[in-house]
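Listed below, chain by chain, are the residues.
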Amino acid sequence: MSTIRMLLVAIVLACLIVPSVSFADSDEASMFAQAKNHYKENSYYFASTWLERILKKFPTTPQREEVLVMLAKCYAATSRDEKAVRTLKTLLKDFPKATEKLEPGLLKLVQDPTQQAPQLAEPEAAAPAVAAPAAVAPTVAASVAVADKAEKVAAEPAAAEKAAAEKAAAEKAAAEKAAAEKAAAEKAAAEKAAAEKAAAEKAAAEKAAAEKAAAEKAAAEKAAAEKAAAEKAAAEKAAAEKAAAEKAAAEKAAAEKAAADKAIADKVAADRVAAQRVAAEDAAAGKEAADLVPAPKAATVRPATIEEAVAERTAAIKAAVEKAAVEKAAAAKIAAEKAATEAAADKAAARKAAAEKAAADKAAAMKAASEKAAADKAAAKKAAEDKAAAKKAAAAKAAADKAAARKAAAEKAAADKAAAKKAAEEKAAAKKAAAEKAAADKAAAKKAAAEKAAADKAAARKAAEEKAVAKAAAKAAAKTTSNETVAAPAAASVAPAVAAQSQAQAPASAASADGYTLDFGSFVLKSDMVAIKKKIKAAGMKPVVEPGPKKKEQMSRIHVGEYTDQKAAESMMQKLRKAKAEQFMLQDKTGKFNVYAGSYFDKLGAVDEQLRLAGFGITTELRPISVQVPTFNLTAGSFQSEDAAARKGAELEKLGAKPTVVQRHK
């Protein structure tokens, strides 16, 4: 029984400990297929994990070159530049011709691992200015700049409205994703609980069946042993009784024979003495009679001698003894047959009793087995009912949670929609007011520009007339006087022009400043910039990546356990290494050692890793954390004016990229 129980326990433990087939890594082809699938889905962390396992388990794989190329790309896409450089160096050392399969960016990374200083693209050539009168052109340019700025202010509400709509859509998508993650986690937990319960029920059923079979076998063996023991005891008893009877008969026969022989010997001796006495008496009597009476005619026949008489007597006694022996042997035979008959009867009775006892034991065992089977069946039925009820409750809970999540998402979407609508109305009103103000400002600017141009034109005409009068007067006046007279108005006419020109150039130089560029935002992963870089290059510009500020990001960290002993923590880390999982250990302020199995930006990825570790018998929990991660700023282009940058930004927006015009600082 103990052996059977140990075997059942070993089977159950093997079922719980052995990982599922989906996580088996014994086959190189299946491992490479897993890595390719993750790589195609842009899950570079998971892909790199599978590729590292392949290189560790199959270092001389025929696909080593392809594995190294994919692993280097995964490292580069997840900003693990040091690992990417090491992998690329190994690749180029083992496969020098692999440079044809690498992108220029990766080659540049391995040639010069340090990050190059970002260089801006060449500035666009400014359009040649249209010649204008010295006094009028600066004023008109300033007016046009004011009008353009007013148009830009009017366009800002539309951009803000668009950003709000995008934010609402992003929040809605995040809520749906969170609900999906919660439903997936609950579903996984329910499936895991159901699987564990089914395994426990299966183990219990198998244990009950094994115990039942063992009980039946033990009962049968016990009945057979008792039957054999009873038959053996009956046979031994019959043999002992027979031997005792035969021994008693032999002893009795020997005693009787000895007694008969003694009696015969005593009788023969007595007869002999008597015969001798009789013979002597007869001899004496015959002698006397012979002397007195003549011999009779006929006499009794007597033995001639004493020996003959003794022999006759002995023969008669012997015949009697033999007759008694024959009769005694017959009686002994009858007694032996009677004893054998009685022994056979006893043996049959013992067999009958043993058979009846075995039948009774078998019936009792069958009854106990049937009662146990009925109890097991009832327990299994109850367990099935409990399982169905639990499954139904879990389904109802999942449905309720899903409905609640949908309701919350719908309410949030409605609230966001109402808020967006209100914001859109407010922005539309602001946009309208800004447009009206911009139109009024533009009209006022145009009017002021026209009035100023007319005044400047009249002043120029007046100055020309004064200059002509002064010139005519100079001819009639003396040279010295005429020179002084002419110099004064000339200086007067030149001074306003120079002042106007300096006033016009001042805002122009201030407007140029350090120029403008297009900002595409900050990114945590370089892989997220690949698509935007392609669109920038398609627009004929050079993308520039610069280190950005650190950004706080939410991550999910897989917590394995908390240990007061460092050796216990290191033992768990060794178990995680055997499971091919990431592992690290942190010591908290109380001195306890916390073991973790990796950190993930994607919560679904963390849940997948939890389920995989559960297949190895490792129980974990998710802990949310906030971490500071480095970012990268992506910009492109260098423009002298904000309008030129905006036009290029509109062109890129048509290609699917949405940049922001920002002022570039040297």
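The structure under discussion appears in the preceding block.
For the structure given in this document, a descriptive report is provided here. Once a new chain begins, its residue numbering starts again from 1 and follows that chain's sequence as written. Given that the model is predicted, a residue must reach a pLDDT of at least 70 before its local features are reported, and side-chain atom pairs must reach 80 or more before they are shown or counted; all residues, however, enter totals for whole chains, interfaces and linings. Only heavy atoms go into the side-chain values, all of them from the structure, while hydrogens and water stay out.

**Let's talk about the packing of helix α4 (residues 64-77) against helix α5 (residues 81-94)**
Next, step 1: It is the contact of α4 with α5, at a shortest axis distance of 8 Å, that shows an interaxial angle of 160°. When the axis of α4 is compared with that of α5, the two are roughly antiparallel. For the pair α4 and α5, the crossing hand works out as left-handed. Contacts from Arg64, Glu65, Leu68, Val69, Leu71, Ala72, Tyr75 and Ala76 of α4 reach α5 at Lys83, Ala84, Thr87, Leu88, Thr90, Leu91 and Asp94.
Next, step 2: For this scheme, ten residues count as nonpolar: Ala, Val, Leu, Ile, Met, Phe, Trp, Tyr, Cys and Pro. Four count as charged, namely Asp, Glu, Lys and Arg, and the remainder, Gly too, count as polar. When grouped by side-chain class, the residues that make up the contact of α4 with α5 number 9 nonpolar, 2 polar and 4 charged. Lines fitted to C-alpha atoms define the axes, with helix axes restricted to the stretch in contact, and inter-axis angles between N-to-C directions lie between 0 and 180 degrees. Helix and strand assignments follow DSSP, with helices taken as H or I runs no shorter than four residues and strands as E runs no shorter than two, numbered in order from the N terminus. What sets the label is the angle itself: under 35 degrees gives roughly parallel, over 145 gives roughly antiparallel, 65 to 115 gives roughly perpendicular, and the rest give oblique. Each crossing gets its hand from how the near helix is turned against the far one by less than a right angle, where anticlockwise is left-handed and clockwise is right-handed. Pairs of residues are marked as contacts when any of their non-hydrogen atoms sit within 4.5 Å.

**Points about the nonpolar core**
Next, step 1: The definition of a nonpolar core used throughout is a set of buried Ala, Val, Leu, Ile, Met, Phe, Trp, Tyr and Cys residues joined through side-chain atoms within 4.5 Å. Exposure classes here rest on a 1.4 Å probe applied to the protein chains alone. A residue is buried below 20% of its type maximum, exposed above 50%, and partly exposed in between. Counting residues in each nonpolar core, the largest one holds 29 residues, and the members touching the most others are Phe32, Leu51, Val67, Leu88, Leu91 and Leu102.
Next, step 2: Elements supplying a minimum of two residues to this core: α2 (28-40), α3 (44-57), α4, α5 and α6 (104-111).
Next, step 3: Among the elements that line this core, the one with the most residues is α4, at 10 residues.
Next, step 4: In this view, Leu91 contacts Glu65, Leu68, Val69, Pro96, Ala98 and Leu102; residues no more than four positions away in its chain are not counted.
Next, step 5: One finds Phe520, Ile532, Ala539 and Phe632 within the second-largest nonpolar core, a separate group that totals 18 residues.

**Some details on the side chain of Thr631**
Next, step 1: Among the secondary structure elements, Thr631 is positioned in strand β5 (residues 621-639).
Next, step 2: Polar contact criterion, stated in full: a pair of N or O atoms within 3.5 Å, where within protein one must be able to donate a hydrogen and the other to accept it, and residues adjacent in sequence count only if both atoms are side-chain atoms. Within the structure, the side chain of Thr631 is placed 2.4 Å from the backbone oxygen of Pro549, a separation counted as a polar contact.
Next, step 3: The contacts of Thr631, once residues within four sequence positions are left out, are Ser522, Phe523, Val524, Glu546, Pro547, Gly548, Pro549 and Lys551.

**Here's the deal with the packing of α3 against α4**
Next, step 1: Two numbers describe how α3 lies on α4: the axes approach to 9 Å, and their chain directions differ by 145°. With respect to the hand of their crossing, α3 and α4 are arranged in left-handed fashion. Two secondary-structure elements touch here, α3 through Tyr44, Ala47, Ser48, Leu51, Glu52, Ile54 and Leu55 and α4 through Arg64, Val67, Leu68, Met70, Leu71, Cys74, Tyr75 and Ala77.
Next, step 2: Here the contact of α3 with α4 is composed, by residue class, of 12 nonpolar, 1 polar and 2 charged.

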